[in-house]
Amino acid sequence: MKEFISDFKKLVKLRLTLTVVFSASIAFLIGSKQQGEIFWVNWLLLTVGGFLVTGSANGFNEIIEKDLDKLMKRTEDRPLPSGRMTTGQALVMSVFMGILGTLVLVRLNFVAGLLSVFCILLYAFIYTPLKRKSPIAVFVGAFPGAFPPLIGYYAAFSQDDLAYYSGHNEAAIIIIPFVLFAIQFLWQFPHFWAIAWVVDDDYKLAGFRLLPTTKRDKISAFMVFVTGLLMIPAGFIPYYFGFGGIWFTIVSVIGGLMFGYYGYLLFKNCDIPSAKKVMFTSFIYLPVTQLVLLLNFIPLK
């Protein structure tokens, strides 16, 4: 039983899944603050549904890449390449989690359920095969990667609430969720490219082409630097639209400056230690800024 739990955690990529669920949960609470009331049962449903949908997408990803995972040191001990779990077992669990998770999210509202289906399809069946074909995979993967705050925010509204806000306060159901989506979308480029730089030797063993030029060179480093700099103006967007307070703006801009500085070091040095600094900045940036936004959120009237 202990071995099954360990393998299940690796199949669903537990740390990644929990990060996604955290992002969606914070967005749910922001959506609830916009309405003035938090329904904790719905928050629990979102958390469970989000976990199942994300675990399903990751399970499909590992099924598709099981032969490639055998080639990389960082993935060779996953349950499928190691032979501890069969493809059939993983498929049954992934399909079950995908269906159940979608049904749970549909209970909250149709939009959240529909976005969860798109998330699974884009991540598992479009982004995953593209990883070996072209660096554009990072751009494609950034869409499902930015869906969690969108799903979480909309999950805070019932169908009737969405209809009401459509007629009385469109900004609350258009501007806020899509700004959250946009910030997380932009964040993924320095995040994924920094990771790709650090583990590029391992990625090459499986034929993954995720760096902008497919190599650790000045152009790839420059792209990390530029996309890191974009996080500075991104930090001002919630304040500009009136739902992000000054403390959120200060924290976000500091995070953007860190992205820019460490991105510059990577451009200057083109080395793994500099890429790791960008990578660790990205790990800290998202949860911290999302928490600060929740605490410093200003409802749109």
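Sequence order as written defines the numbering, with residues in each chain counted from 1. With the structure being a predicted model, the display of local features is reserved for residues of pLDDT at least 70 and the display and counting of side-chain atom pairs for 80 or more, all residues being used for whole-chain, interface and lining totals. To get the side-chain values, take all heavy atoms of the structure and skip hydrogens and water.

Draft legend 1. Quick look at the packing of aromatic side chains. By convention, a stacked pair of Phe, Tyr or Trp rings (six-membered ring in the case of Trp) has centres within 6.5 Å and planes under 30 degrees apart, an edge-to-face pair has planes over 60 apart, and any other such pair is tilted. Here the structure, examined in full by the defined rule, presents 27 aromatic pairs. Between F243 and F297, the ring centres sit 6.1 Å apart and the planes meet at 55°, which makes this aromatic pair tilted. Taken as a pair, F243 in the loop between α14 (237-241) and α15 (246-269) and F297 in the segment after α16 (272-295) lie far apart in primary sequence, 54 residues in all. An identical accessibility class is assigned to F243 and F297; each is buried. Three or more aromatic residues link up through ring pairs in this structure, and these residues are F139, F143, F147, F178, F181, F185, F189 and W193. In this scheme, Lys NZ or Arg CZ marks a charge over a ring once it lies within 6 Å of the ring centre and within 35 degrees of the ring normal. Here the guanidinium or amino end of K131 rests over the ring plane of F208, the centre of that ring lying 4.5 Å away. Its end group placed over the ring of F267, K218 keeps NZ or CZ at 4.6 Å from the ring centre. Here a strand is any run of E in DSSP of at least two residues, a helix any run of H or I of at least four, and the numbering for each starts at the N terminus. When accessible area is computed with a 1.4 Å probe and restricted to protein chains, residues below 20% of their type maximum are described as buried, those above 50% as exposed, and intermediate ones as partly exposed.

Draft legend 2. Molecular detail of the nonpolar core. Core analysis: the largest hydrophobic core is formed by 83 residues, its most contacted members being I30, L46, Y153, I176 and Y203. Tallying contributions element by element places helix α10 (residues 170-198) first for this core, with 16 residues. The contact definition used throughout considers only heavy atoms, calling two residues in contact when any of these lie within 4.5 Å. Not counting the four nearest positions on each side in its chain, I176 is found in contact with I30, Q34, Y153, A171, F243, F297 and L300. Remark: nonpolar core denotes a set of buried residues (Ala, Val, Leu, Ile, Met, Phe, Trp, Tyr, Cys) joined through side-chain atoms within 4.5 Å.

Draft legend 3. The arrangement of the pattern of salt bridges in detail. For this document, the term salt bridge refers to a Lys or Arg side-chain nitrogen within 4 Å of an Asp or Glu carboxyl oxygen. Taken as a whole and judged by the stated rule, the model has 10 salt bridges. Taking the shortest distance from any N to any O, the salt bridge between K10 and D77 comes out at 2.7 Å. Here K10 is found in helix α1 (residues 2-11), whereas its partner D77 is found in the loop between α4 (66-69) and α5 (79-82), with 67 residues between them in sequence. Taking the relative accessible area as the measure of exposure, D77 reaches 42% and is therefore partly exposed. Residues R78 and D69 are paired through a salt bridge, measuring 3.2 Å at the closest nitrogen-oxygen approach. The pair formed by R78 and D69 is uniform in burial state, with each residue classed as buried. Taken together, the salt bridges that share partners define one network made up of D7, K10, D77 and R84.

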